Amino acid sequence: RNFIFPLTRTDTVFWKDEIEARGLVRLEIIFKDNTKLWIGDNSKFVIDEMVYEPNAKGQAVLNFTQGVFRIVTGALNKINGSEFIIKTPLASIGVRGTDFWGNQSDKKLTLALLDDGELHVSTPKGDITLTKPLSAVVIEFGKEIGQPFQLTPEQVEQAKKTVE
């Protein structure tokens, strides 16, 4: 499908759709398993895979090429053996049951774990796992993974505002 059209409130998105928020636009997508995805201004991603059937092993793979996003995982992420993966130009992120935020620019990816759960981040320069709520990490092109740090409540609210 190579159609370019504005989404309306009730439009359905499909596998391999490229979703782009051009300019000052915010978008919320709710998947069949109740995973909620918000994207902010000037953001772009592709649904590489979204396989969900209640009580069956499934897989989600979302590919973010630029911009700001927040994800609250749904039922798929609670089924044993299922995978939820986010890919960016700088890292691959395995997600386990959580609410998290990210910002992918040309040469930098910032990730923040906003709730209980786990983010396992793999890059060509190494891996890191975030498990502590409100922890964050910055990954820069060609550099070692930065040390995790704690966000203040104000920083969390500021991050959320970029997609709401």
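Source: prediction; values computed, not measured.

Novice: How should I be thinking about the confidence of the model for the protein chain in this particular structure?
Specialist: For the protein chain, per-residue confidence averages 88 on the pLDDT scale, and 90% of positions sit at 70 or higher. In the predicted structure, residues 1-5 sits below a pLDDT of 50 and forms four contacts with residues beyond four places in sequence or in another chain.

Novice: Mind showing me how you'd approach the side chain of Asp 99 here?
Specialist: Within the secondary structure, Asp 99 sits in strand 8 (residues 99-104). Not counting the four nearest positions on each side in its chain, Asp 99 is found in contact with Arg 70, Ile 71, Val 72, Ala 112, Leu 113, Leu 114 and Asp 115.

Novice: In this structure, what is going on with the pairing of strand 8? I would like to understand it.
Specialist: Looking along a regular strand, one sees side chains alternate from face to face of the sheet. Within strand 8, five of the six residues are buried, which leaves the element mostly enclosed by the surrounding structure. Bridging between strand 5 (residues 59-72) and strand 8 involves six bridges; their strand directions are antiparallel. Across the sheet, residue Val 68 finds its bridge partner in strand 8, namely Asn 103. Pairing between strand 8 and strand 9 (residues 108-113): five bridges, direction antiparallel. Directly across from Asn 103, in strand 9, lies its bridge partner Thr 110. Hairpin connection, strand 8 to strand 9: the antiparallel pair is bridged by three residues.

Novice: Sorry if this is basic, but what is going on with helix 1 (residues 153-161) here?
Specialist: Count 3.6 residues to each turn of an α-helix, and residues three or four apart come out pointing the same way. By the burial criterion, the buried members of helix 1 are Val 156, Ala 159 and Lys 160. Along the axis of helix 1, the buried residues cluster in a sector spanning 100°; they form a single face. Opposite the buried face of helix 1, at more than 90 degrees from it, the exposed residues are Glu 154, Gln 158 and Lys 161. Buried residues along helix 1 sit in contact with strand 5 and strand 8.

Novice: Help me understand the nonpolar core, please; the structure alone is not making it clear to me.
Specialist: Here is a general trend for soluble globular proteins: nonpolar side chains tend to be buried in one another's company. Among the nonpolar cores identified, the biggest contains 33 residues, and Leu 37, Phe 45, Leu 62, Phe 64, Phe 69, Ile 71 and Ile 86 are the most heavily contacted of them. If sequence neighbours within four positions are ignored, Phe 64 has contacts with Leu 37, Ile 39, Lys 44, Phe 45, Phe 69, Ile 71, Ile 86, Lys 87, Thr 88, Pro 89 and Gln 104. If you look at the next biggest cluster of nonpolar residues, it comprises 10 residues, including Trp 38, Val 68, Ala 159 and Val 163.

Reading the values: rules and limits
- Residues numbered from 1 in each chain as written.
- Predicted model: local features only at pLDDT ≥ 70, side-chain atom pairs only at ≥ 80, totals over all residues.
- Heavy atoms only, no water.
- pLDDT = per-residue confidence, 0-100.
- Contact = heavy atoms within 4.5 Å.
- Helix = DSSP H or I, 4+ residues; strand = E, 2+ residues; numbered from the N terminus.
- Buried < 20%, exposed > 50% of the residue type's maximum accessible area, 1.4 Å probe, protein only.
- Pairing = 2+ DSSP bridges.
- Arc of directions from axis to C-beta.
- Core = buried A, V, L, I, M, F, W, Y, C linked by side-chain atoms within 4.5 Å.

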